[in-house]
Amino acid sequence: MTAATAPDVIGLWDRSVGTHPEAPALVTPHRVWTYEEADRLTDAWADSLAGQDAGPGRLVGLAFPDPARTVLGMVAALKAGAGFTVLDDRLPAAARAALVRRTDAAVWLGDGGHAPAGAYVPVGLSAVRPPVRHRPDDAAYVLFTSGSTGEPKGTVVERDALGRFAAGVAERLELTPGDRWLQVASLGFDVVIEEVFPALAVGAAVVCRAGTRALDAEELHTAMDRTRTTVVELSTQYWLEYARWLTATGLTTPPELRTVVVGGERMDPAPYRAWQARQPASLAHVYGLTECTVSSAFYTGLLPEGAEEVPLGTPLRDVEISVRRDGRPVPDGETGEIHIGGPLLARGFLGDEAATARRFVPDPAAPAPGARVYVTGDLGRIDADGHLVFLGRVDDQVKIRGHRLEPARVERALCENPEVDQAVVFPDPGTGTALWAFTVPADPHRAPPPGAAVRPAAAERDAMIRPLARALPEWAVPRVHYRVAVLPKNPHGKIDKKLLAAWAADADRTTPAEPYHPAEATPVERDEPLGTVLTAFRDVLGAPGLGPDDDFFAHGGQSLLAMRLLARLRDSFPAAAGLRASTLFACPTPRLTAAALDARETART
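Here goes a summary of the coordinates provided. Keep in mind the model is a prediction, meaning the values are calculated, not measured. Note on numbering: residues in each chain are counted from 1, in written sequence order. Given that the model is predicted, a residue must reach a pLDDT of at least 70 before its local features are reported, and side-chain atom pairs must reach 80 or more before they are shown or counted; all residues, however, enter totals for whole chains, interfaces and linings. Only hydrogens and water are set aside when side-chain values are computed; all heavy atoms of the structure are taken into account.

## Points about the packing of helix α15 (residues 530-541) against helix α16 (residues 559-572)
Convention adopted: a line fitted to C-alpha atoms gives each axis, helices being fitted over their contacting stretch, and angles between N-to-C directions are expressed from 0 to 180 degrees. Strands here mean DSSP runs of E at least two residues long; helices mean DSSP runs of H or I at least four residues long; both are numbered from the N terminus. Relative orientation of the contacting elements α15 and α16 amounts to 145°, with a least axis distance of 10 Å. For α15 against α16, the interelement crossing comes out right-handed. Contacts from Thr532, Val533, Thr535, Ala536, Phe537, Asp539, Val540 and Leu541 of α15 reach α16 at Leu561, Arg564, Leu565, Arg568, Leu569 and Ser572. Of the residues that constitute the contact of α15 with α16, the class distribution is eight nonpolar, three polar and three charged. Two helices cross in a left-handed way if the nearer one is turned anticlockwise from the farther one by less than a right angle. They cross in a right-handed way if the turn is clockwise. Working rule for contacts: check all heavy atoms of both residues, and any pair within 4.5 Å makes them a contact. As a working rule, the residues Ala, Val, Leu, Ile, Met, Phe, Trp, Tyr, Cys and Pro are called nonpolar, Asp, Glu, Lys and Arg charged, and the rest polar, with Gly in that last group.

And the structure:
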């Protein structure tokens, strides 16, 4: 595809409208929008946006409480010639306010509780689409990723890149008008782009949830079955939870589901092979970065028996991937840093020319002058079959539940507490789904002996977490804290995280929470459902010493483990059928959860 033939993203939409006007474009729990109906509505919205000075070079902010109207707002903004940005309702208020200021949107659409002042919802269907002259290099959207400076980076993706990306993914996954792609990602996460635009490019349907609340494994399965979903994209850890639930219940994927796209974190070959041996739906392993328009490579084959890594696959059309050392390509099979080039590269970072220049660099290996390449910071190699294989990170950047995070951002936030002198955070060694924090107290008298780690008291832990929870998304807040006398270094001069993890394991072995013995407990503690609930908490958290009043989140619990816990509880208690992961925020201890179950059971009888 050349620059002259690259489709504009709204050109792809118009082709779908013209070819499949009566086909479903959006499927929601309450109605189905055909392409013709959605086209009329988004024309009217685009006309309203144009009247608010939203056009080429400007952004439209979207702050709806439901995915369907967010998708309609994306299309309307692009029709008006503007780009869009999405305000994630799960961000803390301070973080949302900062993003609103930085985007400087011409106008905000939305009516959610998180919507900025002045946001509105256009009305009417009678308007015609405004005549707009847009260019391929106009901004299509701006989405934010974690930044090492303490401020998220806004990545600016242009219309040409978005149109090429949508066509490339549709081609690789062989999407057809009969497909239905379930939207499950957070609306501020770039995966939402992949869930929406490849489907709309070919006349397929985007299946939208009623709200933005995360679905647990059972809800996900039910939603896919009910809506006849054919494609879904899950983060690696989310997919593992779903696969675990399927195995535990003896079920297989819904009959209409044909492809599960999985990515965001390094993949263990064992569960990948187990899925391929048992589940009807195929897997597509995906690799990409926000700065390169979501996804750059897909692996859709059967994993060979002897493979030690799940490959990242081969590039999409219009994507150029190379493995380099000191800026020069290395032979296939050798390890180097992954570089991505081609027309799917983002323009750069919003308002940050210095960071743009550091990561989007001139490509001396390209035949065309002015070509750029993105330096990913990922290590990899090209295997004998021509597939890209991921081998780790050059720097300390980590992935938490599919989200990229610069630990320095969280470490700096911890050190803003006057009681903390130094801090380091990293994913827990067991699941990699939650952050651990190790802090050195400013007062040496409060430090444990050298070589030891201790958990701070609940009040101290809460004092450290509270300011972070106001500024950071939930997945970026470390829930398990240890206090140490010093941050040990390895022979290379870097903080020895393996040694810190060993200190933590020793601390948990030698000073566990008081074990729960029903025979010795009070009459209230002997009663069910507390005993069964406590066992489930302990098993899910891997904490055999957990007590009835210990906090789920203070012991490493997070949303994915909450899903696993609720699945366990549903197996034991009919009253748990209506519980959701959010219940644990109100009832974070075994005793409180047991009381909630008891109350629900009483209400049932």
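## Some words on the pairing of strand β1 (residues 24-27)
Looking down a regular strand, the side chains alternate between one sheet face and the other. DSSP calls a pair of strands paired once it identifies at least 2 bridges connecting them. Where β1 and strand β2 (residues 32-34) come together, three bridges link them in antiparallel fashion. Paired with Leu26 across the bridge in β2 is Trp33. Counted between consecutive antiparallel strands, the loop separating β1 from β2 contains four residues. Inspection of the sheet shows β1 paired to strand β9 (residues 205-207) by two bridges, in the parallel sense.

## Quick notes on the side chain of Glu337
Looking at the element boundaries, Glu337 is found in strand β17 (residues 336-341). Type-normalised accessible area, obtained with a 1.4 Å probe on protein chains alone, sets the label of each residue: buried when under 20%, exposed when over 50%, and partly exposed for intermediate values. Counted as positive: Lys and Arg. Counted as negative: Asp and Glu, with His and the chain ends omitted from the count. Salt bridge, as used here, is a side-chain nitrogen of Lys or Arg placed within 4 Å of a carboxyl oxygen of Asp or Glu. For Glu337, which is buried and forms no salt bridge, the nearest opposite charge comes from Arg359, at a distance of 5.3 Å. Not counting chain neighbours up to four residues away, the residues in contact with Glu337 comprise Ser322, Val323, Arg324, Val375, Thr376, Gly377, Asp378, Leu379 and Val394.

## A closer look at the packing of aromatic side chains
To describe a pair of aromatic rings, one takes the distance between the centres and the angle between the planes. Here a pair means two rings of Phe, Tyr or Trp (six-membered ring of Trp) with centres within 6.5 Å. Their orientation is stacked below 30 degrees between planes, edge-to-face above 60, and tilted elsewhere. This model, assessed by the stated rule, comprises 15 aromatic pairs. Geometrically, the ring pair formed by Phe84 and Phe197 is stacked, given 6.2 Å between the ring centres and 20° between the ring planes. Here Phe84 is found in strand β4 (residues 83-86), whereas its partner Phe197 is found in helix α6 (residues 191-201), with 113 residues between them in sequence. On the basis of relative accessibility, which here comes to 0%, the residue Phe84 falls in the buried class.

## Re the sheet that holds strand β12 (residues 282-287)
Strands sit in the order β2-β1-β9-β8-β10-β11-β12-β13-β14 across an open sheet of nine strands; the sheet is mixed. A strand with exactly one partner marks an edge of an open sheet, and here the two such strands are β2 and β14 (314-315). Pairing analysis gives five bridges linking strand β11 (residues 259-263) to β12, with the strands arranged parallel. By the bridge assignment, Val260 is partnered in β12 with Leu283. Each of β1 and β2 touches helix α2 (residues 35-50); the most contacted strand, β2, lies at about 80° to it. Taken strand by strand, helix α8 (residues 236-249) contacts β10 (231-235), β11 and β12, and its axis lies near 110° from that of β10.

## Here we look at the packing of α8 against α16
For the pair α8 and α16, the least separation of the axes is 10 Å and the interaxial angle reads 10°. Classified by the angle their axes make, α8 and α16 are roughly parallel. Every residue of α16 that contacts α8 at Gln237, Tyr238, Glu241, Arg244 and Trp245 is listed here: Leu560, Met563, Arg564 and Ala567. Broken down by class, the residue content of the contact of α8 with α16 amounts to five nonpolar, one polar and three charged. Comment on the angle field: the value is read as roughly parallel under 35 degrees, roughly antiparallel over 145, roughly perpendicular from 65 to 115, and oblique elsewhere.

## So, helix α4 (residues 93-103)
If you check which residues of α4 are buried, you get Ala95, Arg96, Leu99 and Thr103. Burial along α4 is one-sided: seen end-on, the buried residues are contained in an arc of 100°. In α4, the exposed positions that point more than 90 degrees away from the buried face belong to Ala93 and Arg101. In this fold, the buried residues of α4 make contact with β3 (59-62), β4, β5 (107-109), β6 (139-145) and α12 (458-471). Trailing α4 by a residue or two, Asp104 shows a phi angle of about 50°, which is positive. Directions are taken from the helix axis to each C-beta atom, and the arc is the one they span.

## Overview of the pairing of β4
Both faces of β4 are covered, namely the face carrying Gly83 and Thr85 and the face carrying Phe84 and Val86. One ladder, built from four bridges, connects β3 with β4; its direction is parallel. Among the inter-strand pairings, Gly61 is bridged to a residue of β4, identified as Thr85. By definition, the crossover connecting two strands over a helix is right-handed if that path, from the first strand to the second, turns clockwise as seen with the strands pointing away from the viewer. Taken together, β3, helix α3 (residues 67-79) and β4 constitute a β-α-β crossover, and its handedness is right-handed.

## Comments concerning the pattern of salt bridges
Pairs can form between side chains of opposite charge whenever their charged atoms are close. As enumerated under the stated definition, the model contains 29 salt bridges in all. Ionic pairing is found between Glu37 and Arg31, a salt bridge with its closest N-O pair at 3.4 Å. Notably, a salt bridge pairs Arg317 with Glu171, separated by 2.9 Å at the nearest N-O pair. With Arg317 in the loop between β14 and β15 (320-325) and Glu171 in helix α5 (residues 159-172), this residue pair connects regions lying 146 residues apart in the sequence. Taking relative accessible area as the criterion, Arg317 reaches 28% and is therefore assigned partly exposed. On the basis of relative accessibility, which here comes to 46%, the residue Glu171 falls in the partly exposed class.

## Topic: α3
A helix's residues, less one, multiplied by 1.5 Å, set its expected span. The terminal C-alpha atoms of α3 lie 19 Å apart, and with 13 residues this matches the ideal 18 Å at 1.5 Å per residue to within 8%. Of all 13 residues in α3, twelve are buried, a share of seventy percent or more.

## Notes on unusual backbone geometry
Across the chain, the bulk of peptide bonds are trans and the bulk of non-glycine residues have phi less than zero. Even without glycine at this site, Arg228 takes up a positive phi of about 55°. Checked against the element boundaries, Arg228 lands in the loop between α7 (217-227) and β10.

## Focus on the environment of Arg273
Mapping Arg273 onto the fold places it in helix α9 (residues 269-278). Considering only alpha carbons, one finds Arg273 and Leu72, 201 residues apart in sequence, at a separation of 38 Å. Once residues lying within four places of it in the same chain are set aside, the contact partners of Arg273 are Leu303, Pro304, Glu305, Gly306 and Ala307.

## Quick notes on the sheet that holds strand β26 (residues 453-454)
If you trace the four strands from one edge of the open sheet to the other, you get β24-β25-β27-β26, paired in mixed fashion. The sheet is open, and its two edges are formed by β24 (420-427) and β26, each paired on a single side. Two elements, strand β25 (residues 435-441) and strand β27 (residues 480-484), share four bridges in a ladder whose sense is parallel. When the bridges of β27 are listed, Ala437 appears paired with His481. Packing against the sheet, helix α11 (residues 407-415) makes contact with β24, β25 and β27, and its axis sits at approximately 150° to β24. Along the sheet, α12 contacts β24, β25 and β27; its crossing angle with β27, the most-contacted strand, is approximately 110°.

Coordinates in, geometry out; function isn't part of it.
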